[in-house]
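A look at the structure
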Amino acid sequence: MQAIPAHLPRGEDGYVDWSQVDVAKLEIPNGDDMGIPSDDEGVDEAEVTTESGFGSVIVVDNLPCVPEAKLAKLTTVLGKIFGQIGTVREGGLSMPVDKGMTKGFAFVEFHTPQEAAAAREQTDGYKLDKAHIFKVSKFDDFAKYDAVSDAYKQPEPKPYSAKENTQSYMLDERGRDQFAIRFGDETEIHWNDAQTKEPVEVYKRSHWTESYVQWSPRGNFMATVHRQGVALWGGPSFARFQKFSHNGVQFIEFSPCERYLASGSTHDPANARDQATVVINFFDTRTGAKLRNFQGPVSEFASGASKGLTWPVFKWGGPSPEGAFFAKMGKNSVSVYAAPEMALVDKKSIKLEGVVDFCWSPADPILSVYQPERGGGNEPARVALILLPSKKELRSKNLFSVSDVRMFWQTSGDYFAVKVDRHTKTKKSIYSGFELFRVKEPDCPMEVLELPDKNEKIIAFAWEPKGHRFAVIHGDGARPDVSFYTMIDKDSAINKVKLIGTIKNKTANHLFWSPAGKVIVLAGLKTMNGQFEFFNVDEMETMASAEHFMATDVEWDPTGRYVTTAVTSVHQMENGFHVWTFNGKLLYKNGKEKFYQFLWRPRASSLLSAEGEAEIIQNLKKYSKRFEELDESIRNQQDTHLAAEKQGVTDEWNRYLASKREELATETYVAAMQTLMTARYPAWTAEGSDDVQETEVQVEEIISVTEEPLIM
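Below: a short report on this structure. Note that residues are indexed from 1 along each chain, following the sequence as it is written. Since the coordinates come from a predicted model, pLDDT governs what is reported: local features require at least 70, and pairs of side-chain atoms require 80 or more to be given and counted, while whole-chain, interface and lining totals use all residues. Hydrogens and water molecules were not included; the side-chain quantities draw on all heavy atoms of the structure.

Summing up its helical and strand segments, the protein chain has six helices and 45 strands in all. In the protein chain, buried positions account for 41% of the 712 residues. When contacts within the protein chain are restricted to residue pairs at least 6 apart in sequence, long-range pairs at least 24 apart make up 45% of them. Accessible area of the protein chain: about 41000 Å², with a carbon and sulfur share of 50%. Helix and strand assignments follow DSSP, with helices taken as H or I runs no shorter than four residues and strands as E runs no shorter than two, numbered in order from the N terminus. Classification of residues uses two cut-offs on accessible area relative to the type maximum, computed with a 1.4 Å probe and protein chains only: under 20% is buried, over 50% is exposed, and between them is partly exposed. Any pair of residues with heavy atoms lying within 4.5 Å of one another is described as a contacting pair. Surface accessibility follows the Shrake-Rupley procedure with a 1.4 Å probe radius. Residue values consider only the protein chains on display as shielding.

Structure below.
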């Protein structure tokens, strides 16, 4: 191992004293590792290679220029920031000083090149304050860029490499859907084949992810999460399309258009008295470029009354002509950012005193926010709808005596519901109701809905995805009621909410509408041990009842034809999944030990207009004929295959029988049997059968005994 070059000044601890180093005059010898050993020698993984041996050193530019009196304070701040990412060597943080003022940059030396690379990745673009945004570079880069020739040389064009079609799964002739499952160390992708009543494997891989997998919203990519970052996979062979570096990543969230990806992580502090640090990065999924970084103590990212981190910290908004919006809730404000610029809309947050919750419309750039009561109840609670980017308030409603609020958007964005729990004047009891908004009607009319018994507990609420209905589970007993309402009253000149009907005493605590509407699964999960009822809301009738013992999850496929119930590793037993038809017929079961995830692959949005879809529904028999013929062909193939299997077994038995008969007919077999009989029965011989004497023996058997009294 070589020693540190003698011309570099060192402190008492033996490390380089960067305050005495003149970077402009520093000469870096080629091929010299400066005597700095790699901390991961012998580890079978890709190492961070450096040209100068200073791979564990980064340069942080655009720092505040402060007098020497404030140098210690700035050093402490930088130490906390970089200490969350890796171990900074003792005396390894140095800021050059000139004429009593720092020069606006610093050197930071970590123990390993890997830590330095992670620090550069995570802190480049970090906002210390409004005027100082970090520009972080590797120390080696200065020599590399300095060596670039002044003479321009046109780069060689890269050969064209065709990428696989990420929507190839949509071209399946039979219109099947794919799903991903994760169990143990395995991740597998299958077709759901309803005709063969079994999953058909598409792709599988061991140790594909280190924590979980996630489909992108339109189904083009599969995301896997690793210690180093996130990877996107797609196409028929599931080749890697992109990777994003984020050390220690824990959470990811796609934008609805799939163009952007947010990743988040928390890092424990070096000092137990300090807060954990949160790092959130935004990436472009096409190029892999990091667009924006947010970093700070966990208190800056905590939402509402929660003191910890709740993901997603930034919530993606609905589509808009300007791009994508994402928002974060802060103290008394909601900050909305616009992509791809990743800048704050109008350069300022929306001021909302005491705001504790917000959510986006799934279909439009409309933000719904909730502000609780303030001033000891003198100021009412408030719900408001805000249109972006204009920040115009579309509608608001004041609420009184509020205990809790939950907000629900319908998938198409037509309707918005607020479940309000109110307390009585004595605050000894709670009663519930709903505030219903017709978002796309003129002036956004609103009405109040209270159940016949407003003191009943509301267990679950769910909008019909494509339609105007919603369902409510309500009741205080073990078997609550389920009520269905519509937002369109055909018997009235003015639209108003109307009760369709109530079904009594159901074993249900969750509601799962089909993506196509009309059908809903009333599910009894957790304490109800997996009871399911498949209910047709159009006809208000139960199509089937079923049970999947200890089921923890229910998920519809994107078409609404099939639904999956699953038992994940939350339970130690019965892990696996069942696939059902929309009307409650069980197709097949699949058991897996240590079962973690079942995810249907999303489908891209239909390119048909509403009129085109209506025309297909109207002429469904004509379009379905081809698929019925294909289904019949598959059934015939299955029957033929089954018949061939049966014939094969029959032929094998006949061959076995014929061979045994041939053995019986051979002299060798007859002789062997004679020898065996003679050995067992010495008096018997095949030729001496005339010596056999026949003896007739009579055996008496008492069948029954009847006692009768003797009459004298």
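Right, let's get into the nonpolar core. For this analysis, a nonpolar core means a set of buried residues of the types Ala, Val, Leu, Ile, Met, Phe, Trp, Tyr and Cys, connected via side-chain atoms within 4.5 Å. Within the largest apolar cluster, 21 residues are counted, with the highest numbers of intra-cluster contacts made by Ile58, Val60, Leu78, Phe82 and Phe134. Of all the elements in the fold, those that place two or more residues in this core are strand E1 (57-61), helix H1 (71-83), strand E5 (105-110) and helix H2 (113-123). Among the elements that make up this core, the one with the highest residue count is H1 (five residues). Ignoring sequence-local partners within four residues, the contact set of Phe134 consists of Val60, Asp61, Leu63, Leu78, Ile81, Phe82, Thr123, Asp124, Gly125, Tyr126 and Leu128.

A word on the packing of aromatic side chains. Under the pairing criterion, centres of Phe, Tyr and Trp rings, with the six-membered ring standing for Trp, must be within 6.5 Å; the plane angle then separates stacked pairs below 30 degrees from edge-to-face pairs above 60, leaving the rest tilted. Scanning the entire structure with this criterion turns up 44 aromatic pairs. Between Phe107 and Phe139, the ring centres sit 6.1 Å apart and the planes meet at 55 degrees, which makes this aromatic pair tilted. Highlighted residues: Phe107 in strand E5 and Phe139 in helix H3 (residues 139-146), separated in sequence by 32 residues. Under the relative-accessibility criterion, Phe139 is labelled buried at 4%. The interplanar angle of 65 degrees and the centroid separation of 5.7 Å between the aromatic rings of Phe221 and Phe241 together place this pair among those described as edge-to-face. Of this pair, Phe221 sits in the loop between strand E12 (213-215) and strand E13 (222-225) while Phe241 is found in strand E15 (residues 239-245), placing the two residues 20 residues apart along the sequence. Note on Phe241: relative accessible area 17%, which makes it buried. By definition, being over a ring means that NZ of Lys or CZ of Arg is both within 6 Å of the ring centre and within 35 degrees of the ring normal. Here the guanidinium or amino end of Lys454 rests over the ring plane of Tyr431, the centre of that ring lying 4.7 Å away.

What follows covers the side chain of Arg469. Within the secondary structure, Arg469 sits in strand E34 (residues 469-474). A polar contact of 2.8 Å, which involves the side chain of Arg469, links it to the side chain of Glu464. Here a polar contact means two N or O atoms within 3.5 Å. Within protein one must be a hydrogen donor candidate and the other an acceptor candidate, and residues neighboring in sequence count only if both atoms are side-chain atoms. Only 2.9 Å separates the side chain of Arg469 from the side chain of Asp538, close enough to count as a polar contact. The residues touching Arg469, leaving out its near neighbours within four places in the chain, are Trp463, Glu464, Tyr485, Thr486, Ile500, Trp513, Lys518, Val537 and Asp538.

Time to look at the pattern of salt bridges. By definition, a salt bridge exists where a carboxyl oxygen of Asp or Glu is found within 4 Å of a side-chain nitrogen of Lys or Arg. This model, assessed by the stated rule, comprises 25 salt bridges. Here Arg89 ties to Glu109 by a salt bridge, and the two come within 3.6 Å at their closest N and O atoms. Note that Arg89 is positioned in strand E2 (residues 88-94) and Glu109 in strand E5, a separation of 20 residues in sequence. For Arg89, a relative accessible area of 12% translates into the label buried. For Glu109, a relative accessible area of 7% gives the class buried. The salt bridge involving Asp193 is made with Arg176; its shortest N-O contact spans 3.2 Å. In this pair, Asp193 is assigned in strand E10 (residues 186-193) and Arg176 in the loop between H3 and strand E9 (178-183), connecting sequence segments 17 residues apart. This pair shows no difference in class: Asp193 is buried, exactly as Arg176 is.

Inspection of the secondary structure puts Ile430 in strand E31 (residues 430-438). Separated by 26 residues in sequence, Ile430 and Glu456 place their C-alpha atoms 9.1 Å apart. Residues within four places of Ile430 in sequence aside, it is in contact with Ser403, Asp421, Arg422, His423 and Asn455.

The next thing to look at is the sheet that holds strand E19 (residues 290-297). Where strands meet in a sheet, backbone hydrogen bonds hold them as pairs that are either parallel or antiparallel. Here a strand pair is declared whenever DSSP counts at least two bridges between the two strands. The four strands are arranged E16-E17-E18-E19 in an open sheet whose pairing can be described as antiparallel. Each edge of the open sheet carries a strand with a single partner, namely strand E16 (251-254) and E19. Taking the axes of each pair of neighbouring strands and ignoring which way they run, one obtains an average angle of 15 degrees across the sheet. Direction of pairing for strand E17 (residues 260-267) relative to strand E18 (residues 277-284): antiparallel, over a ladder of eight bridges. Its bridge partner being in E18, Tyr260 is matched across the sheet by Asp284. The axes are straight lines fitted to the C-alpha atoms, using for helices just the contacting stretch, and the angles between their N-to-C directions are given from 0 to 180°. Docked against the sheet, H2 engages E17, E18 and E19, running at close to 100 degrees with respect to E19.

Burial of strand E27 (residues 381-387) is extensive: five of the seven residues sit out of reach of the surface. Where strand E26 (residues 366-371) lies against E27, six bridges are found, and the strand directions are antiparallel. Across the sheet, Tyr370 pairs through a bridge with Val383, a residue of E27. Where E27 meets strand E28 (residues 392-399), seven bridges bridge the pair, whose relative direction is antiparallel. Across the sheet, the residue bridging to Val383 is Lys397, located in E28.

What follows deals with the pairing of strand E44 (residues 586-591). In the sheet, strand E43 (residues 576-581) pairs with E44 via five bridges, with the strands oriented antiparallel. If you follow His578 over to E44, its bridge partner there is Lys589. Here E43 folds back onto E44 in antiparallel fashion, the turn holding four residues, of which Gly584 has a positive phi close to 90 degrees.

Overall, antiparallel pairing links the four strands, which are arranged E2-E5-E1-E8 in an open sheet. At either margin of the open sheet sits one strand with a lone partner, and together these are E2 and strand E8 (135-138). Across the sheet, the axes of successive neighbouring strands diverge by a mean angle of 20 degrees, strand direction being ignored. As judged from the five bridges shared by E1 and E5, these two strands associate in the antiparallel manner. What sits directly across from Ile58, in E5, is Val108. On the sheet, H1 packs against E1, E2 and E5 and is oriented at approximately 130 degrees with respect to E2. Packed onto the sheet, H3 meets E1, E5 and E8 and runs at close to 75 degrees relative to E8.

Let us look at H3. What H3 keeps buried is the set Phe139, Asp140 and Asp141. Elements that come into contact with the buried residues of H3 comprise E1, E5, H2 and E8.

Examined against the element boundaries, Ser412 turns out to sit in the loop between strand E29 (402-409) and strand E30 (415-423). Separated by 53 residues in sequence, Ser412 and Pro465 place their C-alpha atoms 6.9 Å apart. Apart from residues no more than four positions distant in its own chain, Ser412 is found in contact with Ala363, Lys440 and Pro465. Side-chain polar atoms of Ser412 contact the side chain of Asp414, separated by 3.0 Å.

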